[in-house]
Amino acid sequence: MRAFQVSKIGEPAELSQVTAPNAAFSEVLVKISTCGLNFADLLMQTGQYQDTPPAPFTLGMEIAGTVEAIGEGVTSPAIGTRVAVFGGQGGLADYGTYDARTAIEIPDKMSMTDAAAFQIAYGTSHVALGYRANLQAGETLLVLGAAGGVGLTAVEIGKLMGATVIAVARGADKLEVAGKAGADHVIDAGVEDLRAELKALGGVDVVYDPIGGDLFKAAFRACKPEARILSIGFASGEVPKVMTNHLLVKNITVMGFYWGGYMKFKPEVIAHSLRELFAWYEAGKLHPHVSHVLPFEQAAGGIELLRTRKSTGKVVIEVAAE
């Protein structure tokens, strides 16, 4: 089968021919239709991601497809079921094997494209804002990188939770996307004094930060007392340093958040979140934004879109046509 594989850490992934897998005990074999790309796929190629597997490995953290076969001990999902799966790797391939418990049936009205774009982006924002930061209606939420894969869902979910949302992104086109997702205020990331802009809006209660670097520093200085800062990632390439004595002045909390980690130590949090998110989707409350759908042969181009930040929302690779 085809697989978009990293053969050596530090070198770009390439389309390769590998042996197709078989479903082992408690696993399902999925014929993959679509695969959502994430910034972590880019980081894995250089070994900078916290969960980078040893090479060789196949990129692709989240997929949508159809159950082709089931291993011993599996009673659900049945063969032929459309499922979405977060596997952490292996999604950019014709087939993948996954723990049957992680294969979630896709709602009838959801396309394979939306399903592949859904789990990580919406799951990250939903668990981060609700479970970790305890965002409350009436609070002010600042979303950095607000037109990106997770940032855009944070805008959307923040509004559903009743927050006033300030979206920060770079360029008029991205700000327009964030505005359409529900942001109450939009600010260009290149503004001369972001802290001053945020303070003029009254400051912030919760910061959602997948960027790091200078944007984190400005957001930190605009926090209200008892603010919570969610450190989601470091797309800027700079991991900010926190002066812990400064936290004491306003009783600010900085918390790390990695959605995939809950799969290992508290999977019930993920399961509960996804059930609610799928219900919101079926009710028409969520609208995944996919800026690019590319054929499998252009998977490298999809990764490049993430590297150059030329995408908004999600990039999805069509492994097999629906």
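Predicted model, so just to flag it, every value in this text is computed and none were measured. (Residues numbered from 1 in each chain as written. Predicted model: local features only at pLDDT ≥ 70, side-chain atom pairs only at ≥ 80, totals over all residues. Heavy atoms only, no water.)

Student: Looking at this structure, how should I read the nonpolar core?
Tutor: As a rule of thumb, soluble globular proteins bury nonpolar side chains together. Counting 82 residues, the largest nonpolar core has Leu59, Leu129, Leu141, Tyr208 and Leu230 as its most contacted members. Each residue touching Leu230, except ones within four places of it in the same chain, is listed here: Ala128, Leu129, Arg132, Ala133, Val206, Val207, Tyr208, Asp209, Met255 and Phe257. (Core = buried A, V, L, I, M, F, W, Y, C linked by side-chain atoms within 4.5 Å. Buried < 20%, exposed > 50% of the residue type's maximum accessible area, 1.4 Å probe, protein only. Contact = heavy atoms within 4.5 Å.)

Student: For this particular structure, what's the right way to read the sheet that holds strand S1 (residues 2–6)?
Tutor: Within a sheet, neighbouring strands are paired by backbone hydrogen bonds and run either parallel or antiparallel to one another. Judged by pairing direction, the sheet is antiparallel, and its 3 strands sit side by side in the order S2-S1-S4 without closing on themselves. In this open sheet, the two strands that pair with only one neighbour each are strand S2 (14–17) and strand S4 (57–58). In this sheet, S4 lies alongside S1 in antiparallel orientation, the contact comprising 2 bridges. Residue Val6 lies in a different strand from S4, and its bridge partner there is Phe57. (Pairing = 2+ DSSP bridges. Helix = DSSP H or I, 4+ residues; strand = E, 2+ residues; numbered from the N terminus.)

Student: Would you take a moment to explain the sheet that holds strand S13 (residues 223–231) for this structure?
Tutor: Strand order in the open sheet made by the 6 strands is S11-S10-S9-S12-S13-S14, with parallel pairing throughout. The open sheet is flanked by strand S11 (185–188) and strand S14 (253–256), the only strands paired with a single partner. For this sheet the average axis-to-axis angle between neighbouring strands, irrespective of direction, equals 15 degrees. By the bridge criterion, 5 bridges tie strand S12 (residues 204–209) to S13 in an arrangement that is parallel. Across the sheet, Val204 pairs through a bridge with Cys223, a residue of S13. (Axes fitted to C-alpha atoms, helices over the stretch in contact; angles between N-to-C directions.)

Student: Hey, could you run me through the side chain of Thr312 in this one?
Tutor: As for its position among the elements, Thr312 is in the loop between helix H11 (299–307) and strand S16 (314–318). For Thr312, a relative accessible area of 13% translates into the label buried. If near-sequence neighbours (up to four positions away) are discounted, Thr312 is found in contact with Ala147, Lys174, Val177, His289 and Ser291.

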